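Working through the structure, step by step
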Amino acid sequence: MSLSGKYFNARSYGLDPDTGLINYDTLREKALAVKPRILIAGHSAYPRTLDFKKFREIADETGALLMVDMAHFSGLVAGGAHPSLSRMRI
């Protein structure tokens, strides 16, 4: 429980229980149902590369802003081990 929970109706997109991966089809279905104002792509303990293009498509389809919280993997981006958003043309 956090103070932001009193002001915002945050929802998580979670992982597929069978694969342990983000299921972008499920994420899309949830976003279409919730109609968020902002879709946040980010992770702290997900050892995979996020598909930013899919996040962008889902945000566009639902009318949401897309924000990437990259605090936990920014060093990987700086070191070239994770794709840079600026080179992805999303």
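Given the structure is predicted, the values throughout are model-derived calculations rather than measurements.

**Considerations on the nonpolar core**
In this structure, I22, L27, L39, L50 and F55 are the most contacted members of the largest nonpolar core, which totals 16 residues. In contact with L27, not counting residues within four places along its chain, are Y13, I22, L39, F55 and I58.

**Details of the layout of surface pockets**
In this approach, a probe sized like a water molecule rolls over the atoms, and the result shows the empty space that is left. The volume enclosed by the largest pocket comes to roughly 830 Å³. What lines the largest pocket is a set of 24 residues, and nearest its centre among them are N9, A10, R11, I38 and I40. Elements supplying a minimum of two residues to the lining of the largest pocket: helix 1 (4-7), helix 2 (24-34) and strand 1 (38-42). Looking at the lining of the largest pocket residue by residue, the class counts come to eleven nonpolar, eight polar and five charged.

**Notes on the UniProt feature "domain: Serine hydroxymethyltransferase-like" (unreviewed entry) in the protein**
Per the UniProt annotation, the sites labelled "domain: Serine hydroxymethyltransferase-like" (unreviewed entry) are residues 2-84. Structurally, residues 2-84 comprises 37% helix and 12% strand, and the distance from its first C-alpha atom to its last is 31 Å.

**Focus: a nonpolar patch on the surface**
There is a patch of nonpolar side chains on the surface, built from I38, I40, L65 and M67 and spanning about 350 Å² of accessible area. At the level of elements, strand 1 and strand 2 (65-69) are the ones that each hand at least two residues to the nonpolar patch. In this fold, M67 is placed in strand 2. Residue M67 is classed as partly exposed on the basis of its relative accessible area, which comes to 35%.

**Considering the packing of helix 2 against helix 3 (residues 52-62)**
As a packed pair, helix 2 and helix 3 sit with axes 10 Å apart at the nearest point and diverge in direction by 20 degrees. Considered as vectors, helix 2 and helix 3 are oriented roughly parallel to each other. Judged by the twist between their axes, the crossing of helix 2 over helix 3 is right-handed. Where helix 2 abuts helix 3, its residues Y24, L27, R28, A31 and L32 lie against K54, F55, I58, E61 and T62. Each residue belonging to the contact of helix 2 with helix 3 can be placed in one class, and the counts come to six nonpolar, one polar and three charged.

**Brief notes about the pairing of strand 2**
Here five bridges tie strand 1 to strand 2, and the two strands are oriented parallel to one another. Bridge pairing in strand 2 links A41 to V68. For the crossover that starts at strand 1, traverses helix 3 and ends in the parallel strand 2, the hand is right-handed.

**What to know about the environment of E57**
By secondary structure assignment, the location of E57 is in helix 3. On the basis of relative accessible area, E57 is assigned to the exposed category, the value being 53%. Once the C-alpha coordinates of E57 and R28 are considered, the two residues, 29 residues apart in sequence, prove to be 9.0 Å apart.

What counts, and at which threshold
Residues numbered from 1 in each chain as written. Predicted model: local features only at pLDDT ≥ 70, side-chain atom pairs only at ≥ 80, totals over all residues. Heavy atoms only, no water. Core = buried A, V, L, I, M, F, W, Y, C linked by side-chain atoms within 4.5 Å. Buried < 20%, exposed > 50% of the residue type's maximum accessible area, 1.4 Å probe, protein only. Contact = heavy atoms within 4.5 Å. 1 Å grid on protein atoms, 1.4 Å probe; cavity = no way out; pocket = protein on both sides within 12 Å on 5 of 7 lines; lining within 4 Å. Points joined across faces, edges and corners; volume = space filled by probe spheres on them. Helix = DSSP H or I, 4+ residues; strand = E, 2+ residues; numbered from the N terminus. Nonpolar A, V, L, I, M, F, W, Y, C, P; charged D, E, K, R; others polar. UniProt positions renumbered as here; feature names shortened; annotations may be inferred. Patch = residues over 30% accessible without salt bridge, like charges linked within 9 Å, V, L, I, M, F, W, Y side chains within 5 Å. Areas by Shrake-Rupley, 256 points an atom, 1.4 Å probe, with all protein chains shown as cover. Salt bridge = Lys/Arg side-chain N within 4 Å of Asp/Glu carboxyl O. Axes fitted to C-alpha atoms, helices over the stretch in contact; angles between N-to-C directions. Parallel < 35°, antiparallel > 145°, perpendicular 65-115°, else oblique. Left-handed = near helix turned anticlockwise from the far one by under 90°. Pairing = 2+ DSSP bridges. Right-handed = clockwise from strand over helix to strand, strands pointing away.

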